[in-house]
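Now for the letters of each chain:
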Amino acid sequence: MGTKPDPKARIEAEARLKAAQQVKSEAESALKASQVISAGADQVLTKARADLEAAQAKLGAAQEELGGAKARLAAAHSSIPTDAVARAEKAAKDATERLNAARAKAEAAQAVATTAAANTATAQDAYTSALKALKDAEAASAEAKRFDWEKMSEAQRLDYVNHRVAEMTNEYRSQGGLEKLPMVKRYNALMTEFANWVAEDPKDAQGNDRRLNHIPTVDENIPGATREDKERFLITRTLGDDQIYAAAENMSYRSGYGVDSQETADALAKSIFTGLTNSKGHNRNFLNPSINAAGSGLGYNKATGVFIYIWRGLGFAQPNQPVDVYTVASTKHLAGSDAIAGVSYKDNRYVLAGDYKNNKTSADYQKIKAPLSEGLTGTLATAPTTDGGIDTADAQEKVAAAQAQLDSAKQKEVKAVEAATVANSAVESATTAANSAKADLESKTQQANEAQAALITQAQTAVDAAQSRVTTAQSSVEDAKKALGAAETNKQAADAVVKANTAKLAEAEANVATAEKEVAATTN
């Protein structure tokens, strides 16, 4: 038979059960509360991890952007010149090269001009020296012995008059802008023969000179002239193989003059020249631009005192050059007087063809045309025969040679100066072009530098902004890391509380089971 239940023990056992149940209920509530806290901490931890990943992603993007900005900044600092700058640099380089070449040419041209000027100065000195030597020789010749008129033959005196007229004629042509005429010995001889033939002719019943006529054709009616005479003195006659394309002839009749003294001979020469130039037709022949040489002679009839002067202008075809041509030289140093003193050109009033009788008015006459032919070169003796005096031919030749060298040097100097002027002008143009190219290069370079500076500023601004974003992202990452750490700590603490509460609940449940057993034991 069992024991009788103890009411007091039952009451105590129930009281302990109730207390254990209360503890269990509290433990369950605490566990649920800690589980809620743990779930919240877990959400916070998850969000903190997501925030950290997002912050790290933004940091990576910001760092990548910063790298790109720095690369663009570096590229901006080392950017190469633009195409415009490159073209401007090439243009400036080319212009500088052209300028240097132009300067080199100008220096060379200036050197040539300087040399030419020096050569001109040297030639001028040589010409001055030669001219002085000629003047000294002429003075010495004049002092040594002038013409000894008493020792000169009549033929020499007549040659003297003929030569003086030739000097005056050449001076006259020169004043009219025409070539001086050299004389041809063979035609001098022919004109002398012609002049003597005319002077020897007896006058007709009226006292007229029958032969004082030009002979244009062999059919010309010349009293007292045979056909042979007319053929010999024909105005168009040529000697030997001469090629003559033009001829003009003047005749002068003079009486009351003589050659007994040099003074009377000079008066005769002056009278012949003045008489012919005062006649429009004869003057026109002297000024014929188509002739390039002449022959003349002076005939004299001592019995009648008649002088006949015949001059024939000759136009030799080039390059036909008479071998006996000579230049008409001045007799001033031999005669003591200048044949050309007082010679004065009568301008264009006396040039019209065909008016030998002076019937035209001055207004009808035309100007002389430019010379149609080149002058011939004299090579033989240049003065009448003399018995004395110092020969100045060598000094004259030296003066002529020095003059030619001086003229050549002056021409070369003019050309050299012109070349130097052209070269200097080219330097000025090249300098202008080079300065323009340089200014263009400076402008293009400045524009490129300004563009580069703007690009650098823009890139630097982008770098600064990217750096700021990186710094902000780094700060966000640090904050996210801190938040994650705190969330992990809170989660760990919440998990610990859950664990503790779970243990307490298990303990409370065990206590409840024990109390229930005790209550059951008190009931039986």
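Conventions we followed
- Residues numbered from 1 in each chain as written.
- Predicted model: local features only at pLDDT ≥ 70, side-chain atom pairs only at ≥ 80, totals over all residues.
- Heavy atoms only, no water.
- Salt bridge = Lys/Arg side-chain N within 4 Å of Asp/Glu carboxyl O.
- Helix = DSSP H or I, 4+ residues; strand = E, 2+ residues; numbered from the N terminus.
- Buried < 20%, exposed > 50% of the residue type's maximum accessible area, 1.4 Å probe, protein only.
- Expected span 1.5 Å × (residues − 1).
- Phe/Tyr/Trp six-rings, centres within 6.5 Å; stacked < 30°, edge-to-face > 60°.
- Polar contact = N/O pair within 3.5 Å; in protein donor to acceptor, adjacent residues only side chain to side chain.
- pLDDT = per-residue confidence, 0-100.
- Contact = heavy atoms within 4.5 Å.
- Pairing = 2+ DSSP bridges.
- Axes fitted to C-alpha atoms, helices over the stretch in contact; angles between N-to-C directions.
- Parallel < 35°, antiparallel > 145°, perpendicular 65-115°, else oblique.
- Left-handed = near helix turned anticlockwise from the far one by under 90°.
- Nonpolar A, V, L, I, M, F, W, Y, C, P; charged D, E, K, R; others polar.
- 1 Å grid on protein atoms, 1.4 Å probe; cavity = no way out; pocket = protein on both sides within 12 Å on 5 of 7 lines; lining within 4 Å.
- Points joined across faces, edges and corners; volume = space filled by probe spheres on them.
- Core = buried A, V, L, I, M, F, W, Y, C linked by side-chain atoms within 4.5 Å.

Looking at this model, I keep getting lost on the pattern of salt bridges. Mind explaining?
Working definition: two side chains of opposite charge can pair if their charged atoms are close together. Tallied over the full model, the rule gives 19 salt bridges. A salt bridge links K302 to E154; the nearest nitrogen and oxygen atoms lie 4.0 Å apart. Of this pair, K302 sits in the loop between β3 (293-301) and β4 (306-316) while E154 sits in helix α3 (residues 154-175), and the two are 148 residues apart along the sequence. One salt bridge in this structure joins D495 and K491, with 2.7 Å as the shortest N-O distance. With D495 and K491 both in helix α9 (residues 393-523) and four residues apart, the pair spans about one turn of that helix. Under the relative-accessibility criterion, K491 is labelled buried at 15%. One network of salt bridges, in which partners are shared, links R186, D242 and D324.

Got a minute to help me understand helix α4 (residues 185-199) in this structure?
Given 3.6 residues per helical turn, the α-helix brings residues three or four places apart onto the same face. Its 15 residues place the ends of α4 21 Å apart at the C-alpha level, agreeing with the 21 Å of an ideal helix rising 1.5 Å per residue. Listed as buried for α4 are Y187, N188, L190, M191, F194, A195, W197, V198 and A199.

Would you mind showing me how to read the packing of aromatic side chains here?
The description of an aromatic ring pair uses the distance of the two centres, along with the angle that the planes make with each other. Throughout the structure, instances matching the rule amount to ten aromatic pairs. With a centroid separation of 5.2 Å and an interplanar angle of 80°, the aromatic rings of W149 and Y160 are classed as edge-to-face. Placement of W149 in the loop between α2 (83-144) and α3 and of Y160 in helix α3 is noted, with a sequence separation of eleven residues between them. Here W149 falls in the buried class, since its relative accessible area comes to 7%.

Would you mind showing me how to read the side chain of D324 here?
Inspection of the secondary structure assignment puts D324 in the loop between β4 and β5 (325-326). The exposure class assigned to D324 is buried, which follows from its relative accessible area of 9%. Polar contacts involving the side chain of D324 include one to the main-chain amide nitrogen of R186, which spans 2.8 Å.

What is the right way to read the confidence of the model for the chain from this model?
In the predicted model, the chain carries a mean pLDDT of 84, and 87% of its residues have values of at least 70. For the stretch residues 362-375, pLDDT sits under 50, and the model shows 39 contacts to residues farther than four places along the chain or on other chains. Segment residues 379-389 is flagged for pLDDT under 50; beyond a separation of four residues in sequence, or across chains, it makes 30 contacts in the model.

What exactly am I supposed to notice about the pairing of β4 here?
On a regular strand, each side chain points to the face opposite its neighbour's, so the side chains alternate between the two faces of the sheet. Of all the eleven residues making up β4, eleven are buried; the element is thus mostly covered by neighbouring parts of the structure. Covered by surrounding structure in β4 are V306, I308, I310, R312, L314 and F316 together with F307, Y309, W311, G313 and G315, the residues of both alternating faces. Bridge count between strand β2 (residues 244-255) and β4: eleven bridges; the pairing is antiparallel. Bridging across to β4, S252 finds its partner in Y309. In the sheet, β3 pairs with β4 via nine bridges, with the strands oriented antiparallel. Of the residues in β4, the one forming a bridge with Y300 is F307. In this antiparallel pair of consecutive strands, β3 and β4, the connection spans four residues, and G305 shows a positive phi of 75°.

Could you clarify how one ought to interpret the packing of helix α1 (residues 7-77) against α9 in this entry?
Where α1 contacts α9, the axes come no closer than 4 Å and their chain directions differ by 165°. The angle between α1 and α9 falls in the class roughly antiparallel. Seen from above, α1 lies across α9 with left-handed handedness. Here the contact of α1 with α9 is composed, by residue class, of 42 nonpolar, 18 polar and 21 charged.

Where do I start with empty space enclosed by the protein in this structure?
To locate leftover empty space, one rolls a probe as large as a water molecule over the atoms. Under the criterion given, the structure shown has one cavity of 30 Å³ or more. What the largest cavity holds in volume is close to 40 Å³. Taken together, A166, T169, N170, L181, M183 and W311 form the lining of the largest cavity. No other element matches the three residues that α3 contributes to the lining of the largest cavity. For the lining of the largest cavity, the class distribution of residues is four nonpolar, two polar and no charged.

Sorry, what's going on with the nonpolar core here?
The nonpolar side chains of soluble globular proteins are, as a tendency, buried together. Within the largest apolar cluster, 35 residues are counted, with the highest numbers of intra-cluster contacts made by V161, I272 and L298. Elements represented by at least two residues in this core include exactly α3, α6 (262-277), β3, β4 and α8 (332-335). Here the element with the most residues in this core is α3; it accounts for seven residues. In contact with L298, other than residues within four places in its own chain, are L158, V161, T192, A195, N196, L268, I272, F307, I308 and Y309. Residues M191, I215, V218 and I308 belong to the second largest nonpolar core, which totals 24 residues.

Would you mind showing me how to read the environment of T472 here?
Along the chain, T472 turns up in helix α9. What makes T472 partly exposed here is its relative accessible area of 47%. Between the C-alpha atoms of T472 and L59, which are 413 residues apart in sequence, the distance is 8.2 Å.

What is the right way to read the packing of α3 against α6 from this model?
If you want to describe how two helices pack, look at the angle between their axes and the distance between the axes. Running from N to C, α3 and α6 cross one another at 40°; their axes reach a closest spacing of 9 Å. Put simply, α3 runs oblique to α6. Taken as a pair, α3 and α6 cross one another with a handedness that is right-handed. The residues of α6 that touch α3, namely those facing Y160, V161, R164, V165, M168, T169 and Y172, are Q262, A265, D266, L268, A269, K270, I272, F273 and T277. Among the residues forming the contact of α3 with α6, the class breakdown is ten nonpolar, three polar and three charged.

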